[in-house]
Amino acid sequence: MDQVVTAGIVEDHPVVIEGITSWISADPEHRIQVVLVAHDLMALEPVTGPVADVLILDLELNGQLVTDQLPRLVAAGNRVVAFSAHSGPGLVRDVLDGGAYAYVAKDEGRDYLVEAVLAAAADRPCVTRSQAKAFLGDDGPERPSLSTQERQALLLWFQGMSKASVGRRMSITENTVRQYIDRARMKYAALGRPALSKDALLARAIEDGIITPREVATYTSAARRPA
Amino acid sequence: MRAAPAPAAPPPGTPPPGHPSAAAPIQAGRGPADQVPAGPSSPGPSPAAHPSAVLSARYAQSFDIAVIIVVAGWHIAGAGSELLPYRALYRPFPAQFALWLVIALAITAGAVRLIRGLSHPAWAYALAAVALAVTIAGAAGCPPDQLLKTDWAWGTTGWVGVLVLLRRPLRELVGFLLLDALATFAVLAHDGLHRADVAGFITILAETTAIQLVVAVAARQLGATAREAAEVTQNEAATRERAVIAERLRAARQARWLALQETAGPLLRELAAGSANPADPEVRRACAVEAARLRRLMAESDDAPGPLVHELHACADVAERRGVAVDIETVGALPSVPADVRRVITDTAIAILTTAVSQVRVTLTALPEGIAVSLVADSPAPPPRPATALGVVVEHDRDYRNLWVEARWTR
């Protein structure tokens with residue numbers, strides 16, 4: 001990517017802001033520039049348009065979960081990467097359903113936050129291990145039906161293997177591993193409440209050849225799949 | 001009293017189910033600790049339905065049957081032998097015979113209710129009322145001048161009272177027997193009393209009613225004693241069962257402890273004697289393995305929900321004390337895993353946790369067919385050999401940095 005991605009950070013703990021900016025500045029190619037730091041969502045009002053290419057949002061600000069604000073931020077055109085100390089699978093699924101591009105748990109920040117921000121800026125998914133966990137643990141009636149391969153790739157990825165190792169174990173290329181994992185993510189993007197960000201993710205996935213337009217139309221939840 | 005069905009309880013001394021014939025579990029290093037018993041996975045037979053208690057209950061029931069035999073025997077032999085010789089005297093005989101049949105039915109109903117343990121008082125009162133009505137009708141059908149000689153009903157209805165009121169307080173039977181006698185006396189008085197009649201009435205009252213009361217009191221006494229005996233036997237059985245279970249628990253724990261002694265003991269002796277050098281990484285690793293096993297031993301006797309996660313946390317504790325970051329994640333509703341299977345899984349985990357350099361990720365994933373427990377660690381140790389024990393399949397993989405091990409258990 002030639003152009004620098006701009007990022008906004010909404011986070012109430014100064015030490016976490018320090019951490020995020022240090023991870024961003026540690027990127028050898030300096031692909032991200034922080035253009036806004038806010039301690040709460042009031043600082044973004046009125047929300048009329050995107051504040052930056054990507055918004056890094058702590059889900060808990062001053063002791064309160066702000067997940068209900070997420071659809072409004074997404075509708076205004078923000079690409080949100082959720083960053084949270086919580087990693088409950090239900091919360092992760094809710095946040096993705098609300099239109100977040102990615103969910104990065106705080107202990108995954110060092111490894112994945114920069115990658116997630118860059119992916120979001122390009123309308124691409126970044127499936128962290130906490131997202132994989134949320135997909136694997138989903139037993140809700142509206143869950144999408146994942147293929148055996150998608151499930152196995154998610155499982156090994158969740159367990160902590162590198163994608164290269166997952167590929168070796170499954171006798172597929174690392175790219176195919178990514179594709180399986182991203183396809184699982186797209187099935188979640190295709191279901192649930194509509195959001196601009198999900199449309200953008202799906203459109204990009206079709207362009208990238210991860211899925212076909214036909215597939216998006218035929219994704220159904222596991223509950224509706226004929227036995 | 002109802003007798004509980006006899007259970008198919010194993011005799012005391014039978015080893016608990018799940019006793020390991022443990023097919024060569026995965027070794028965490030030094031070994032024989034894997035051959036210890038899997039611990040109590042069965043609480044043993046329920047003390048509530050011990051065979052001896054059932055026997056006592058049957059013993060108590062036999063008194064009920066004795067009462068039924070006395071009552072039915074009196075009705076057939078006693079009342080019948082009065083009814084038939086005087087059949088020419090009754091007004092008319094068929095009516096008396098019908099009344100006799102009514103009492104026979106009442107005795108049958110009362111006997112069935114007693115054996116089945118049905119104790120609703122309404123039925124008892126209804127049958128007693130029928131008996132009283134038969135007393136009056138029977139006496140009224142006798143020739144007036146020979147009532148006391150030919151009346152069969154009074155005696156047998158008294159026995160019906162003994163039977164149907166056996167589960168009721170004694171005062172109800174006394175009241176019934178008084179009413180029964182008064183009813184007969186009323187019919188006697190209606191027909192015209194003579195001095196001889198009064199004397200005869202009192203004689204019969206003294207003989208029949210007294211015997212009925214004695215039987216009723218004795219049956220109650222014997223029944224109460226039998227029930228008490230049953231309770232005592234049951235309590236004794238429960239105490240014995242508890243002792244057996246406690247002994248099994250103790251023995252299982254002792255066996256695990258002894259197995260640890262075989263590996264931890266020599267290590268401690270070598271350390272004390274100075275022949276094992278704490279600076280030697282191999283010695284340190286052996287110490288960590290034994291420490292993890294000790295912690296698991298303690299965690300196994302905790303009654304925690306999700307014992308597998310609990311035991312893995314105990315194993316991880318030792319790694320964390322070495323400064324290794326251990327992350328334990330679970331996905332889905334984990335199935336309950338038998339104790340011996342948990343041991344195979346935790347042994348695999350200990351092998352990784354004790355050799356990890358700086359971090360370990362432990363995940364437990366519920367699968368439709370069982371559970372997958374995996375560890376990813378920056379461990380230089382040789383991976384455990386792929387193995388299958390007790391339905392646990394252990395696999396491993398290694399990339400440039402990490403060792404991945406998965407133990408997958410299928411129910």
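None of these values were measured; they are calculated from a predicted model.

> Break down the overall build of chain A for me, with residues and values.
Scanning chain A from N- to C-terminus turns up 10 helices and 7 strands. Going through the 227 residues of chain A one by one, you find that 44% of them count as buried.

> Please provide a residue-by-residue account of unusual backbone geometry, values included.
All names here are of chain A. In this chain, Glu45 is followed by Pro46 through a cis amide linkage whose omega measures -10°. Its identity is not glycine, yet Asp123 carries a phi of approximately 60°, on the positive side. Within the chain, Ser171 stands out as a residue other than glycine whose phi angle is a positive 55°. Mapped onto the secondary structure, Ser171 falls in the loop between helix 7 (163-170) and helix 8 (174-190). Accessibility expressed as a C-beta count within 10 Å gives 7 for Ser171, which makes it exposed.

> Tell me about the nonpolar core, residues and numbers included.
Grouped together as the largest cluster of nonpolar side chains are 107 residues, with contacts concentrated most on Val81 and Val117 of chain A together with Leu353 of chain B. Leu353 of chain B has contacts with Ala292, Cys315, Ala316, Val318, Ala319, Val326 and Val360 of chain B, leaving out every residue within four places of it along the chain. Counting 39 residues, the second largest nonpolar core, distinct from the first, contains Leu99, Ala124, Val160 and Leu166 of chain B.

> Can you break down the sheet that holds strand 2 (residues 359-367) of chain B residue by residue, with the values?
Residue and element names in this part refer to chain B. The strand order across the open sheet built from 6 strands is 1-2-3-6-5-4, with neighbouring strands paired in mixed fashion. Two strands bound the open sheet, and with one partner strand each, they are strand 1 (325-331) and strand 4 (387-389). Between one strand and the next, the sheet's axes are offset by a mean angle of 15°, whatever the strand orientation. Where strand 1 meets strand 2, 7 bridges bridge the pair, whose relative direction is parallel. Looking at the pairing, Asp327 lines up with Arg361 of strand 2. Its contacts with the sheet place helix 10 (residues 339-353) against strand 1, strand 2, strand 3 (370-377), strand 4, strand 5 (392-398) and strand 6 (403-410), and it is angled at close to 180° to strand 6.

> I'd love a proper account of the packing of helix 2 (residues 93-116) of chain B against helix 5 (residues 153-164) of chain B, names of residues and values included.
All names here are of chain B. Relative to each other, helix 2 and helix 5 sit at 15°, their axes nearing to 9 Å. Judged on the interaxial angle alone, helix 5 and helix 2 are roughly parallel. Of the two possible hands of crossing, helix 2 and helix 5 adopt the one that is left-handed. Seen from helix 2, the contacting residues are Leu99, Ile103, Ala106, Ile107, Gly110, Ala111 and Leu114; seen from helix 5, they are Ala153, Thr156, Thr157, Val160, Leu163 and Val164. A breakdown of the residues in the contact of helix 2 with helix 5 according to their chemical character gives 10 nonpolar, 3 polar and no charged.

> I'd love a proper account of the environment of Met161 of chain A, names of residues and values included.
Mapped onto the elements, Met161 of chain A comes out in the loop between helix 6 (148-159) and helix 7. Looking at Met161 of chain A, the number of C-beta atoms within 10 Å reads 25, which means it is buried. In this structure the C-alpha to C-alpha distance between Met161 of chain A and Arg129 of chain A, which are 32 residues apart in sequence, comes to 9.9 Å. Apart from the residues lying within four places of it in its own chain, the contact partners of Met161 of chain A are Leu156 and Val166 of chain A together with Val376 and Trp404 of chain B.

> Explain the environment of Val162 of chain B to me, and be specific about the residues and the numbers.
Residues and elements named next belong to chain B. Structurally, the position occupied by Val162 is in helix 5. Looking at Val162, the number of C-beta atoms within 10 Å reads 22, which means it is buried. In this structure the C-alpha to C-alpha distance between Val162 and Gln212, which are 50 residues apart in sequence, comes to 6.7 Å. Beyond its immediate sequence surroundings of up to four residues, Val162 is in contact with Val67, Val71, Leu173, Gln212, Val215 and Ala216.

> Give a detailed account of the sheet that holds strand 7 (residues 102-105) of chain A, specifying residues and quantitative values.
Two modes of strand pairing occur in sheets, parallel and antiparallel, and in both the strands are linked by backbone hydrogen bonds. All names here are of chain A. Spatial strand order, 2-1-3-6-7: 5 strands in an open sheet with parallel pairing. On the outer flanks of this sheet lie strand 2 (32-38) and strand 7, each paired with one strand and no other. On average, each strand axis in the sheet is inclined to that of its neighbour by 25°, with strand direction left out of account. With 4 bridges joining them, strand 1 (residues 5-10) and strand 3 (residues 54-58) adopt parallel strand pairing.

> Tell me what's going on with the interface of chain A and chain B, and back it up with residues and numbers.
Taken together, the contact pairs 13 residues of chain A with 13 residues of chain B. The set of elements that each furnish at least two residues to the side of chain A that touches chain B consists of helix 5 (129-136), helix 6 and helix 7 of chain A. Its residues assigned to classes, the side of chain A that touches chain B shows 5 nonpolar, 5 polar and 3 charged.

> Kindly report on the packing of helix 6 of chain A against helix 7 of chain A, identifying the contributing residues and their values.
Residues and elements named next belong to chain A. One way to put it is that helix 6 packs onto helix 7 with a least axis distance of 9 Å and a crossing angle of 135°. Judged by the inter-axis angle, helix 6 sits oblique to helix 7. Crossing handedness for the pair helix 6 and helix 7: right-handed. The residues of helix 7 that touch helix 6, namely those facing Gln152, Ala153, Leu156 and Trp157, are Lys163, Val166, Arg169 and Met170. Classifying every residue of the contact of helix 6 with helix 7 gives 5 nonpolar, 1 polar and 2 charged.

About the cut-offs
- Residues numbered from 1 in each chain as written.
- Chains lettered and ligands numbered in written order.
- Predicted model: local features only at pLDDT ≥ 70, side-chain atom pairs only at ≥ 80, totals over all residues.
- Helix = DSSP H or I, 4+ residues; strand = E, 2+ residues; numbered from the N terminus.
- Buried ≥ 20, exposed ≤ 12 C-beta atoms within 10 Å, placed from the backbone.
- Core = buried A, V, L, I, M, F, W, Y, C linked by C-beta atoms within 7 Å.
- Contact = placed C-beta atoms within 7 Å.
- Pairing = 2+ DSSP bridges.
- Axes fitted to C-alpha atoms, helices over the stretch in contact; angles between N-to-C directions.
- Parallel < 35°, antiparallel > 145°, perpendicular 65-115°, else oblique.
- Left-handed = near helix turned anticlockwise from the far one by under 90°.
- Nonpolar A, V, L, I, M, F, W, Y, C, P; charged D, E, K, R; others polar.

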